[in-house]
Amino acid sequence: MCNTSSTEQIILLTNAYSQEKSSWRQEYKFAMGTSSSKDISDEDSFAELNCEEAEDTPSTPWHDGKGDCQQTDDASGKVPHVSSEPVSQHLDTPAGEVDSCIPTSCREDYEEPKGQTHIKTQLESLLEDLGLEHHFTEKLSLGTVLQIEERTITDEPAKCNSDLPWYFLKKLMMVNVTARNVKCTSVCKSTCEAASGNTELDLDGLFDSLHSGDVINPLDIITALFLCSDGFVRQEMALKMTMCQFSVPLLLPNCDTKQCTLMLWAMRDIVKKYRPQKLLESKGFIEDRIVVSELPMISFVRLGECSLSKSEILNQLLSNSQQYHDTFIHRNMECGDSPRRISNGLAEVTWYLPCGNKNMDVFSEPVAVANLRGDIASFETQFSFLYQTSAAVFVFFDNLDSECKLLINQHHKAQIFLVGNHQSQSFSLDALKKVATKLGLTNTNILLKAKHMNDADFIKHLRKTVSNVVENTKMKMGIEQMADIAHELGILVDEDCAECQSAKKNADAITAEIQDTLKYKEAQLPLQGQIWKELTVLEKEEFHLRKVGSENIEKYKSNLQVQKRKLREKQNSCDMSNAMTCFINAISSPGIERSYFLKWMRMNLDNLSREKLSGLREQYKKKCENSENKEEIKEIDRQLSNSSLGTEHFFREMGQIYEASVSLPETDPSRQQLQHLPKLCAELMLDGFPLELVDGDASNIPLRWVSDVLSQLNDLVSPKSKILVVTVLGVQSTGKSTLLNTMFGVQFAVSSGRCTRGAFMLLIRINEDVKKELNCDFMVIIDTEGLKSPELAQLDNSHEHDNELATLVVGLSDITIINIAMENSTEMKDILQIVVHAFLRMKEVGKKPKCQFVHQNVSDVSAHDKNLRDRKLLLQQLNEMTQAAAKMEKKEENKSFTDVMEYSPDTGNWYIPGLWNGNPPMAPVNAGYSEAVYELKKNIIQILGRCESSANNISEFTEWMESLWNAVKHENFIFSFRNSLVADAYMRLCTEFNKWEWEFKKEMYTWVTNAETRISNFGTVAVKSELSDMKELLTLLRSEACTELTKWETKILGNLKQYFEQTEGHVYLVERYREEFSISAKSLRQEMESSVYNQLTAAADIRQGMTKLDRIKKNHTKELEGRVCQLIQECRGKKVQMTDKELDQEFDKMWKSMVNELSFPQQKATNVFTNVDHYLRDNLSRKGSRVCQLLSQKRLQHCGLMPFKYTVEGICNQLKNKLSKLFIKDHVMTSQNMADSIIDACTQFVTEKMERKNNYHDTYIQEILHMIDERLQNSQSVKIDTEFEVSLKQHICGVAARQFQKMHEDFIHANDPYECLNQNKEKFCVDFKDVFHERDQCQKKAEEFTSRCLRPAVEDFVNRSLGPDITGEMLTRFQFSTRMFFQYSVLLDLLSKDDFENYKSYICSYEDHVKKWTHKQIEEHFSKGDKVFEFEDRHVLSSISSINDAINKAKTEKSGNVKTFVEDVCQELGDKLVISQDALGAFMFMNNADQEQFAHWLTECVKDMAQALTEKFKTETIQMKLKNLHVKPQNKLFTQVIGCGQQCPFCKAPCDAGASKHGEHFAELHRPEGLGRFRWDGTEKLVIDICSSLVNSDMRFCCDATKGEWHPYKDYREIFPDWIIQSDVSLEASDYWKYVLAKFNKEFAEAYNAEPADIPETWKTITHEQAEASLKESFNIK
């Protein structure tokens, strides 16, 4: 160690250190993980060296008096701030904010002190930095820490150092495991700004900037807070820190006084529950206060420098492989590498407590682990203490002084272990040998981290060493016992203060007398026993009058009064017991002493309860196993209740003493002596202690007592007496107390082992900054205990007690938190019906409180996972209960829960995750739990802030309570209804999303159809566009498509957002799926975009190819028209009457002549195979050279000629000797099935393109290859080898190329100009003769235009539009509304037919089966009724309307020319109908009709056409219609409801997830694996196991994905990470498939080439009806 003499060397530490050891930069690099481990790296060395050397920390213990902190602290108080803080403070002031956010203390820190004689010590300097200097003398109290203020309910980050302690406390009080991650935003920003401000290279400057931040080490903050807090804040901090699994201070240092304190009181309240090895069999556990538990302690210290990170090693040592946790702060944590200013010499402690699971426990026995911060050479006192209290001390070092007096001079109590880093440069083996010899150590006592040893091995070795010590040591000591050693060493003990000791003495005097709780209560607390219960019965009878019989009522009531008076007299005749005298005297003591007293009382009584009640609980458990002992169970139940004893019983007795005294005359001395009691209790309430409102044992309120306490409270706080009330209702043991403690830091009188019943109220102060928002001074928390708790289940009046209690507290509250644990639905319903009755009654008395439902999932050593139900179920239950309650209360106008109170299912439900992040007792609190509770707290404050009614003051609250309680006593609660309503929120979301998705698809299909129409009409008379180039049109259309796609994507995302914002009660549960559906919407847009662009490109290219042909055809027609005109003139010139035969001959002659003269360019067909081969090679180009070889082995023209058969050579070569024949057979079958499925899909795609009779386009083969890739990628169950992929793609591309070649050639032939001209020869001849004879052509031409041009266009329009209509109609039906309903319907249909071939088809050819089933459903649905005809009729009428509009518009142009008229008509229809250019060209030939006459006849013809089409559509069958459709509804429906197409890797059940792009797959109904072809290795019998059960077992599986290796089912996600296979909810859920396999066992075995399964007898008894019922249960079908 280097001893510097001046603290000014903090700044110059670089130079000082580099002279002695190495350069700071090397060290810094190493600290950042860039240098070798030989340099210093541990936070206990690197950071401490910085600190200790700078502070001139002596190398001897504090009490030696060497080195004076005060001499050195001047610089440490100033210089660091000069270099960092002012810069960061000013740089970090956000734009638009003034500098006033910087606290004065921060500003003063860097100003040069003028005229000051006092030099700040290191501690004073740090406390001033943290803004805690005031609290060093006036300690922080719990009231201050727990009060509700702005910073506890906002998410403002710490802006300067003085915010840090409060930020830490806020997080810690909410048991947030991130509490120690404290850093103010100014430091974060200044570092960034310093780094980004300079653009030049300046490594020195860069290095300095990394060190310039004024970051405070979290350990300093914790130490400062413990130094500045009173005993109760320390207790609360220590308790919360242990819940977070943080280490807690054992020895707290004060670097000014060189003194440290043993934190015994701080740890007094920590109770731990654990299960050591000896209780493993009995499943019992130990529950005790940690300070009295005698456990071995293992201490870890450092001597000199050490390059091993001690704290990090400790964290690894204590963490099991499943979960690492930072128990101790180390340098690699946030701010952990900052120099420590006051926390050196801090000894922290944590405990490792086993849970009884050998696989999870690091140590099988409990052990305490202590960690001393700093070099033991500087802290001998602490080291001596640890040495004397520990079973073993592990000393970390790099280089030992061979003298090592510090270790040798210790009185040997603990075993000593030396832990060194052999890799360190300064390591000396000789020195180690000398020291080890002097200490008499063996090899087992020396642990060296050698070069070959990684961290894991080193930790394993260390863990083994510690385990040996723990298991074999006799040295076990509780922290309580350590106090004596502390005294010997001159260490202070926090419990030694006079107030604490006096309070302890008073508490012990009372509790020491307790031997038998029941007898003690009868002797020392007599007034709350039988007399008070009898009084309660009489009070209620006064209202109920159930036993009046034939007696006169008034006389009866009078008798009741007399009896009450006698009972009060009996109470007054009892002298005050010794215990009560002591108790009242103790709580009358001044100031903090009574708080200590009540805490000692509570802890002592808790200890007694744990001891006394455990025996009764065991008896209760045994008796409950035999349900015949009902009377005995009831008796033990009563004893349990009577044997519980807490401080609340003493206060209850105090209340009864006061109530009894009030019945005495006012002048009675006894009464006057007790008048101060309410004030005492009111003062305690102000100090944060709870007041019992309702005595749960007697189910009564001591009204006078409670009223007078509240009256005194009102006087104490007046005029600041406004209150808002938050009530918590819920079943006992559902995490309600933990919820309250996390939310408000309050602790009611509840403890493990006690059966507290009733309602308690507690005050929380509201700070001035929140008062304006809430308009109140205090928040009152009312907690109810024992509501429908297991203890009450056997007692007679539990229902009545619960209802009275609920009605009262709901009536008193401004907001009610209803804590529902879903583990027991019966209990949940009981609570809900009680709550609904309570709310209904409140509405009738004019109060409408708000409520929040909290759904918890609390884990504990003995608790199971809680079930979550969705909110729709909750709302339905609330509504039904409201109706039933309204009926009982005769207020039947209340139909729903929202009629009774303000409740939004969307905002009124809170889902709190499990409390523990892992398995207790070593699990820290789940950060999600803390955050969720914090959000709930903020929400409650917001709701209270929005309350319309102003807050009551305390006296108004008292009046309200009295009138409520009197009203409650009139009630007779009888509940006779039960309900079990279940709902599925996910299904609703899927249904909605499917609707939005289909709307999007349908709209885009319509848009694309119109776009294709525009493209088809481009360059013809039917186009309106000014554009001259197809490229321009394509660009324009793409731009329009993009706009349309964006519009719909935004719409779906908007719908989704709106859906999750709605107020119906089913949304919260599916919140976690929100992102999946959002991704699905975006993905849908991308898919649609790709598809749309491909269609537009293909249409444009095909149209572009047609343009030249159209021009040739047009020229031919023009040429023909000229020649015909010439021929007419020639024939007329002969002046001879010519017959039709002669005219035909003349026309033929002219035709032959013209055809010989005209040029007909030969249309050359493209070689489609070449194009396809190019795209195939391009697709496989990234797969390596092997692919090229495979592709060149076979020409594409020779592929696809035979059916595809998969051969196994490739996979066999890879997995030689690993696979059985059976496995290979299975692999081949699975691969073949997948290949068949892909081939079917591609064949369908090709067929659809062929039916369109269009030209071939390259995008078609690209789409096919994309389809293949997508399906191969999705395949989890088959390993895809290169040979398989290449041969499959070659096969499909070969078939597709052959088909596309034919399609292309057919298209060329159909559009050959010569053919087109020849087809119309007859028509041209007829037109020639008509013109020659000057016949009127108007009617004939109108008919021709209608039949040859308009009718085909209208029929095509109908066929294009009908597909989406049919699909849309089918999607409105139950079967197709969601993925799950579709699945359910298919399975139900299978069951109704109950045919093996159907089942086999479904399992083995799922896609094919469901497509056929879908097709059949369409046929069945549309065979009945006229739905399709309605669609067709609508489209025909729409077309006719457009045609008529076009005719009328063309008439107004008055061109006088039929050709122009027709062109005008076509142009109007150009966006809707595709009119054949060939037909139009032929129609225009020799057309000399009169425009007006033509228009007249055209209108008539269109009418006739409409009628003809209607007749035609009426007579067509649905099968005929489906053949002609462009969009095949069965295919669209399939893609809409098939989901992702994934199947369970084990049983092949299809995935039921709704969103197309979901992160994880799941199936509602899994099957016996034998149905998925699994069979037993060896016997070849089909497997009957169901994967939803197997995944919880120790069984193993072997399949293609495991490469033939056996793998545990429990770890199935290692192989199939995207699948979630949940356990069966009930045993009956899978009855459906059990029934199927049992019935068709032999058939499946035969089909799969396996042996029949061994079917259990129970499966054979499953009926058809049970199978159907299980199906309904699985899919939540009512």
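Residues numbered from 1 in each chain as written. Predicted model: local features only at pLDDT ≥ 70, side-chain atom pairs only at ≥ 80, totals over all residues. Heavy atoms only, no water.

A. Representation of the overall build of the protein chain within the structure. Helix and strand content of the protein chain: 68 helices and 21 strands. When the 1678 residues of the protein chain are sorted by exposure, 56% land in the buried category. Pairs at least 24 apart in sequence give 78% of the contacts found in the protein chain among residues at least 6 apart. Total accessible area computed for the protein chain in this model is approximately 71000 Å², and 48% of it derives from carbon and sulfur atoms. (Helix = DSSP H or I, 4+ residues; strand = E, 2+ residues; numbered from the N terminus. Buried < 20%, exposed > 50% of the residue type's maximum accessible area, 1.4 Å probe, protein only. Contact = heavy atoms within 4.5 Å. Areas by Shrake-Rupley, 256 points an atom, 1.4 Å probe, with all protein chains shown as cover.)

B. Up close: the packing of aromatic side chains. For the coordinates displayed, the defined rule picks out 33 aromatic pairs. Aromatic rings pair up to connect Phe1396, Tyr1399, Tyr1402, Tyr1406, Tyr1632, Trp1633, Phe1640, Phe1644 and Tyr1648 into one cluster. Above the plane of the ring of Trp600 lies Lys504, whose end atom (NZ or CZ) is 5.2 Å from the centre. For Arg1567, the ring lying beneath its charged end belongs to Trp1633, and the centroid distance is 4.9 Å. (Phe/Tyr/Trp six-rings, centres within 6.5 Å; stacked < 30°, edge-to-face > 60°. Lys NZ or Arg CZ within 6 Å of the ring centre and 35° of its normal.)

C. Fine view of the nonpolar core. If you look at the biggest cluster of nonpolar residues, it comprises 136 residues, and the most contacted ones within it are Leu262, Trp351, Leu407 and Met779. In contact with Trp351, not counting residues within four places along its chain, are Thr242, Val248, Met267, Ile270, Ile290, Leu295, Val367, Ala368, Ile479 and Met922. Core analysis: the next-biggest nonpolar cluster, separate from the first, contains 90 residues, Phe232, Ala759, Val835 and Cys851 among them. (Core = buried A, V, L, I, M, F, W, Y, C linked by side-chain atoms within 4.5 Å.)

D. Geometry of unusual backbone geometry. In this model, Ser718 is joined to Pro719 through a cis peptide bond whose omega is 5°. If you trace the backbone, Pro719 turns up in the loop between helix H31 (703-717) and strand E13 (722-730). Even without a glycine there, the phi angle at Ser699 is positive, about 55°. Turning to its location among the elements, Ser699 is positioned in the loop between strand E12 (691-695) and H31.

E. Focus on the environment of Thr242. Examined against the element boundaries, Thr242 turns out to sit in helix H14 (residues 231-243). Judged by relative accessible area, which is 4%, Thr242 ranks as buried. With 28 residues separating them along the chain, Thr242 and Ile270 place their C-alpha atoms 7.8 Å apart. Ignoring anything within four residues of it in the chain, the contact list for Thr242 reads Val248, Ile270, Lys272 and Trp351.

F. Quick look at the pattern of salt bridges. For the structure on display, the rule yields 44 salt bridges. Note that Arg268 and Glu495 form a salt bridge whose closest N and O atoms lie 2.4 Å from each other. Placement of Arg268 in the loop between strand E2 (259-262) and strand E3 (271-274) and of Glu495 in the loop between strand E11 (492-493) and helix H21 (498-511) is noted, with a sequence separation of 227 residues between them. Taking the relative accessible area as the measure of exposure, Arg268 reaches 5% and is therefore buried. By relative accessible area, Glu495 is classed as buried at 4%. The shortest N-O distance in the salt bridge between Glu692 and Arg652 comes to 2.7 Å. Taken together, the residues Glu692 in strand E12 and Arg652 in helix H28 (residues 647-662) connect sequence positions 40 residues apart. No difference in accessibility class separates Glu692 from Arg652, as the two residues are buried. If you follow the salt bridges from partner to partner, you end up with Asp269, Arg289, Lys599, Arg602 and Asp606 in one network. (Salt bridge = Lys/Arg side-chain N within 4 Å of Asp/Glu carboxyl O.)

G. Main features of helix H25 (residues 578-587). All buried positions along H25 are accounted for by Ala579, Met580, Phe583, Ile584, Ala586 and Ile587. For H25, the arc enclosing every buried residue in end-on projection is 160°, short of the 170-degree limit, so these residues lie on one face. Facing away from the buried surface of H25 by more than 90 degrees, the exposed residues are Asn578 and Asn585. (Arc of directions from axis to C-beta.)

H. Region of interest: the packing of H31 against helix H39 (residues 954-968). Axis separation between H31 and H39 bottoms out at 9 Å; the angle between their running directions is 165°. One finds that H31 runs roughly antiparallel with respect to H39. In terms of crossing hand, the pair formed by H31 and H39 is right-handed. For the pair formed by H31 and H39, the contact residues are Leu703, Val706, Ser707, Leu710, Leu713, Asn714 and Val717 on the first element and Ile954, Ser955, Phe957, Thr958, Met961, Glu962, Trp965 and Asn966 on the second. For the contact of H31 with H39, the residue count by class is 9 nonpolar, 5 polar and 1 charged. (Axes fitted to C-alpha atoms, helices over the stretch in contact; angles between N-to-C directions. Parallel < 35°, antiparallel > 145°, perpendicular 65-115°, else oblique. Left-handed = near helix turned anticlockwise from the far one by under 90°. Nonpolar A, V, L, I, M, F, W, Y, C, P; charged D, E, K, R; others polar.)

I. Expanded view of the confidence of the model for the protein chain. Overall, the predicted model of the protein chain reaches an average pLDDT of 75, with 74% of residues at or above 70. Scored below 50 in pLDDT, residues 750-754 shows 18 contacts in the model against residues more than four places distant or in partner chains. Confidence drops under a pLDDT of 50 for residues 789-796, and excluding neighbours within four residues, the segment shows 18 contacts in the predicted structure. (pLDDT = per-residue confidence, 0-100.)

J. Up close: the sheet that holds E11. Spatial strand order, E10-E9-E8-E5-E7-E6-E1-E2-E11: 9 strands in an open sheet with mixed pairing. Strands at the two margins of the open sheet, each flanked by one partner only, are strand E10 (446-449) and E11. Here strand E8 (residues 392-397) runs beside strand E9 (residues 415-421); their pairing, made up of 6 bridges, is parallel. Across the sheet, Ala392 pairs through a bridge with Gln415, a residue of E9. Sitting on the sheet, helix H15 (residues 310-318) touches strand E5 (297-302), strand E6 (347-352), strand E7 (367-375) and E8, and the angle it makes with E7 is about 170°. The sheet contacts of helix H16 (residues 380-389) involve strand E1 (248-254), E2, E5, E7, E8 and E9, and relative to E5 the element is tilted by about 150°. (Pairing = 2+ DSSP bridges.)

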